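Architecture and fold: a report
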Amino acid sequence: MKLWAGRFKKELDPRTNDFNRSLPFDSRMYRQDIMGSMAHAKMLGKCGIISKEDCNKIIDGLKGILADIDNGVLQFDDVSEDIHTFTEGELTKRIGEAGKRLHTARSRNDQVALDIRLYLRDECDTLIEMLKEYVGVIAEKAAEYSETVMPGYTHLQRAQPIVFGHQLLAYAEMAMRDIGRIKDCRERMNVSPLGSCALAGTTYTLDREYVAEQLGMNGVTQNSLDGVSDRDFVLELASALSIIMVHLSRFAEEIILWCSGEFRFIELDDAFSTGSSIMPQKKNPDIAELVRGKSGRVFGDNMALLTAMKGIPLAYNKDMQEDKEAVFDAVDTVEKCLTAFIPMLDTMRVNATNMRKAASFGFINATDCADWLVGQGLPFRDAYKATGELVARCIELNTSLEELPMEEYKKVCELFNDDLYNAIDLDKCVRDRTVLGGPAPSQVKFQAENLKKRLEKI
Ligand code: ARG
C-alpha cells in the first residue's frame with residue numbers, strides 16, 4: 001500500500017515502480033533517517049503535539065528497527081518507495097497507532113533534506129580523517145627524503161634542483177586545502193531543515209532548535225522553501241571531491257611517470273602493482289592509473305548534480321532524488337581512491353641515485369650561475385644572457401656547467417673565478433634555498449614537522 005493511498009484509485013504502473021523507487025540507493029541513510037525521526041518524535045512529545053506515551057513507543061520502536069537493520073534481522077523490501085516509507089511502515093507494523101503519528105508536522109521533503117545532510121556530514125568526517133592520514137604519510141616521507149636531490153620541472157623539462165621531500169610536500173598543501181573545503185562544507189550543511197515540512201512550514205508550534213540540538217546541528221534553516229529545495233551542500237561537497245580528485249590524479253600521473261623506465265625515480269611495491277597477461281617483464285602502476293581514471297567519474301557526478309539542480313522551480317521536485325546516487329558515488333569513489341593511494345604511497349621505494357643523476361643533467365643550476373654573477377655586481381639581465389651563452393657552449397662541448405673549464409667562463413665574462421664552482425654545486429644550490437616554503441633540506445624538515453602540528457589542530 002502506497003503512502004498516498006486515499007486519493008488514488010490505482011496502484012503505480014509496475015513499469016514505473018523501479019523507476020520511481022529510491023530505496024535501493026537511499027537505504028544507506030537508514031541510520032540518519034531513524035535518528036532524525038527520533039529527534040522529531042521527541043520534539044513532538046516535548047511540545048505536546050503527541051502524547052508522552054506515544055513518543056516513548058515511537059522511540060522504542062525506532063530503536064528496535066535500527067538494531068534489527070544493523071544486525072541484518074530486518075531487510076529492506078523490494079516494494080517500499082524509499083527509506084522514509086520503509087521505516088515508517090515498519091514502525092507502524094511494530095507499534096500500531098502511535099507509528100502513524102510520527103509524520104505529524106513533517107513531510108518527506110524536509111525529512112530527506114535532513115537525512116542527506118546528516119549522512120553527508122558523517123562522510124565529511126570520514127573524508128577528513130582519511131585526508132589527515134594521507135597528509136601524515138606525506139609528512140613522514142617528506143622528512144625521510146628531505147635531502148634527496150632531484151630536478152624540479154616546468155613544462156616537464158628539468159628546471160631547478162629541489163629535494164624529493166619538497167615535491168611531496170606540495171601535495172600535502174593541496175590536501176590541507178581539501179580538508180579546509182570539506183570542513184567549510186560540513187559547517188554549512190549542518191543545519192536542520194525539519195519544520196519546513198512540504199514547503200510551507202506548519203501551523204503546529206514546533207521547537208525546531210530542539211531537533212537540531214539533539215542531532216548535534218549548528219542551527220536551523222531560515223526559509224521553508226529553501227529548507228526543502230536547497231542542495232547547495234551536495235554541490236559544494238561534489239566540487240570539493242572533484243578538486244581532491246584533481247590533486248590525486250596529478251599525483252598519480254607523476255607516480256606513473258616516475259615508475260617508467262625513462263625516469264626510474266621510484267618503484268611501487270609489488271602489492272600495489274600488477275603484471276601483464278602476455279608480457280612477462282611488465283610491472284604496471286594500475287592503482288595510480290585507476291585513481292587518475294576515476295577522477296573523470298567524480299567530475300561526471302559533479303556535473304550531473306549541477307545539471308539536475310539548475311532548472312528546478314521551487315520547492316521540492318522529484319528531480320532532486322537524483323542527488324543521491326551521484327553524490328554517493330562521488331564520496332565512495334574518493335574514499336576508495338584514498339584507501340588504495342595512501343598505502344601505495346607509504347610503501348613506494350625511492351631511487352635517490354637516479355633522481356640525483358637526473359638532476360646532474362639539464363643545466364638545472366643555470367639560474368644559480370646567473371645569481372652568482374649578480375653577486376659579482378652584474379645586473380641580472382646581463383647575467384642571464386652570459387649564462388645562456390655558457391649553456392650553449394656546454395651543449396657544443398657536450399659537458400655540464402660544473403665541468404666547463406674556467407677559461408671558457410672567462411671568455412664569456414671577465415668576472416668569473418673558481419668560486420663559481422662552489423656556487424653551482426647541486427647540493428649547495430638546494431641547501432641555500434632556505435626561503436620559507438623553499439626546497440632546502442632544513443626548510444623541508446621544518447615544513448614536515450610543522451605539518452604534523454597543523455594536523456593536530458584540525
Ligand atoms: N525519495 C525522495 C527523494 O529522495 C524522498 C522525498 C519524496 N518526496 C516527495 N514529495 N515525493 O527525494
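Refer to the structure presented above.
Definitions and limits used
Residues numbered from 1 in each chain as written. Predicted model: local features only at pLDDT ≥ 70, side-chain atom pairs only at ≥ 80, totals over all residues. Heavy atoms only, no water. Helix = DSSP H or I, 4+ residues; strand = E, 2+ residues; numbered from the N terminus. Rg over C-alpha atoms; globule rule 2.2 N^0.38 Å. Buried < 20%, exposed > 50% of the residue type's maximum accessible area, 1.4 Å probe, protein only. Contact = heavy atoms within 4.5 Å. Areas by Shrake-Rupley, 256 points an atom, 1.4 Å probe, with all protein chains shown as cover. Lys, Arg positive; Asp, Glu negative; His and termini not counted. Charge placed at Lys NZ, Arg CZ, Asp CG, Glu CD. Salt bridge = Lys/Arg side-chain N within 4 Å of Asp/Glu carboxyl O. Near = heavy atom within 4 Å. Polar contact = N/O pair within 3.5 Å; in protein donor to acceptor, adjacent residues only side chain to side chain. Nonpolar A, V, L, I, M, F, W, Y, C, P; charged D, E, K, R; others polar. Pairing = 2+ DSSP bridges. Axes fitted to C-alpha atoms, helices over the stretch in contact; angles between N-to-C directions. Parallel < 35°, antiparallel > 145°, perpendicular 65-115°, else oblique. Left-handed = near helix turned anticlockwise from the far one by under 90°. Patch = residues over 30% accessible without salt bridge, like charges linked within 9 Å, V, L, I, M, F, W, Y side chains within 5 Å. Expected span 1.5 Å × (residues − 1).

**Focus on the overall build of the protein chain**
From N to C terminus, the protein chain includes 19 helices and 6 strands. Expected size for 458 residues packed as a compact globule is a radius of gyration near 23 Å; at 30 Å, the protein chain overshoots this value by more than 25%. Expressed as a percentage of the 458 residues in the protein chain, the buried residues total 50%. Taking all contacts inside the protein chain whose residues are at least 6 apart in sequence as the whole, residues at least 24 apart take part in 75%. Counting only carbon and sulfur atoms, one obtains 52% of the accessible surface of the protein chain, whose full area is about 22200 Å². One finds the centroid of the 58 positive side-chain charges in the protein chain at a distance of 3 Å from the centroid of its 72 negative side-chain charges.

**Re the environment of Met355**
Tracing the backbone shows Met355 in helix 13 (residues 352-360). Given a relative accessible area of 0%, Met355 falls into the buried group. Remark: the alpha-carbon pair of Met355 and Arg158, spanning 197 residues in sequence, is separated by 11 Å. If near-sequence neighbours (up to four positions away) are discounted, Met355 is found in contact with Thr148, Val149, Met150, Pro151, Phe164, Phe265, Ile266 and Val350.

**Some points on the pattern of salt bridges**
Within this structure, the stated rule accounts for 34 salt bridges. Beyond isolated ion pairs, a larger network of salt bridges with shared partners links Glu267, Asp269, Asp270, Lys283 and Arg349.

**Side note on the site of the ligand**
Ser22, Asp26, Asp82, His84, Arg108, Asn109, Val112, Tyr316, Gln321 and Lys324 make up every residue found near the ligand. Ser22 places a polar side-chain atom, nitrogen or oxygen, 3.0 Å from a nitrogen atom of the ligand. The contact in question runs from an oxygen atom of the ligand to an N or O atom on the side chain of Tyr316, over 2.4 Å. In isolation the ligand offers 350 Å² of accessible surface; the protein chains occlude 87% of this area. Looking at which element gives the most residues to the shell around the ligand, the answer is helix 6 (residues 108-144), with 3 residues. Its residues placed into classes, the shell around the ligand shows 2 nonpolar, 4 polar and 4 charged.

**A look at the pairing of strand 2 (residues 157-163)**
Here 6 bridges tie strand 1 (residues 149-154) to strand 2, and the two strands are oriented antiparallel to one another. Within the sheet, the bridge partner assigned to Val149 lies in strand 2 and is Val163. Here strand 1 folds back onto strand 2, and the loop between the two strands holds 2 residues, one of which, His155, carries a positive phi near 55°.

**Here's the deal with the packing of helix 7 (residues 164-189) against helix 10 (residues 232-259)**
Two elements in contact, helix 7 and helix 10, have axes whose closest approach is 9 Å; the angle formed by their N-to-C orientations is 170°. As far as their axial angle goes, helix 10 and helix 7 are roughly antiparallel. You can see that helix 7 and helix 10 cross each other, and the crossing is left-handed. Between helix 7 and helix 10, the residues in contact are Phe164, Gln167, Leu168, Tyr171, Met174, Asp178, Arg181, Ile182, Cys185, Arg188 and Met189 and Phe233, Glu236, Leu237, Ala240, Leu241, Ile243, Ile244, His247, Arg250, Phe251, Glu254 and Trp258, respectively. Residues belonging to the contact of helix 7 with helix 10 are distributed by class as follows: 15 nonpolar, 2 polar and 6 charged.

**Examining the side chain of Asn109**
Summarising the element assignment, Asn109 is placed in helix 6. By relative accessible area, which is 16% here, Asn109 ends up buried. Polar side-chain contacts of Asn109 include one of 3.1 Å to the backbone oxygen of Ala198. Setting aside residues no more than four positions away along its own chain, Asn109 makes contact with Cys197, Ala198, Val228 and Tyr316.

**What about a nonpolar patch on the surface?**
A cluster of nonpolar side chains, contributed by Leu199, Leu225 and Leu314, occupies part of the molecular surface with about 270 Å² of accessible area. Its location among the elements puts Leu199 in the loop between strand 3 (191-192) and helix 8 (208-214). Of the residues examined, Leu199 reaches a relative accessible area of 40% and is grouped as partly exposed.

**Focus on helix 14 (residues 366-375)**
Side chains of residues three or four places apart in an α-helix project in the same direction, reflecting 3.6 residues per turn. Ala366, Asp368, Cys369, Ala370, Trp372 and Leu373 are the residues of helix 14 that are buried. Packing partners of the buried residues in helix 14 comprise strand 2, helix 15 (380-397), helix 16 (406-412), helix 17 (419-423) and helix 18 (426-431). Immediately downstream of helix 14, the backbone of Gly377 shows phi near 105°, a positive value.

**With respect to helix 3 (residues 30-46)**
With 17 residues, helix 3 should reach 24 Å at 1.5 Å per residue; the first-to-last C-alpha distance of 24 Å fits that figure. Burial within helix 3 is extensive, with 13 of its 17 residues counted as buried. At the C-terminal side of helix 3, Gly48 shows a positive phi close to 75°.

**Some points on a negative patch on the surface**
A contiguous patch of negative charge, built from Glu133, Glu140, Glu144 and Asp346, is present on the exposed surface. Considering every element that reaches the negative patch, the biggest residue donor is helix 6, with 3 residues. Along the polypeptide, Glu133 turns up in helix 6. With a relative accessible area of 48%, Glu133 lands in the partly exposed category.

Structural measurements only, silent on function.
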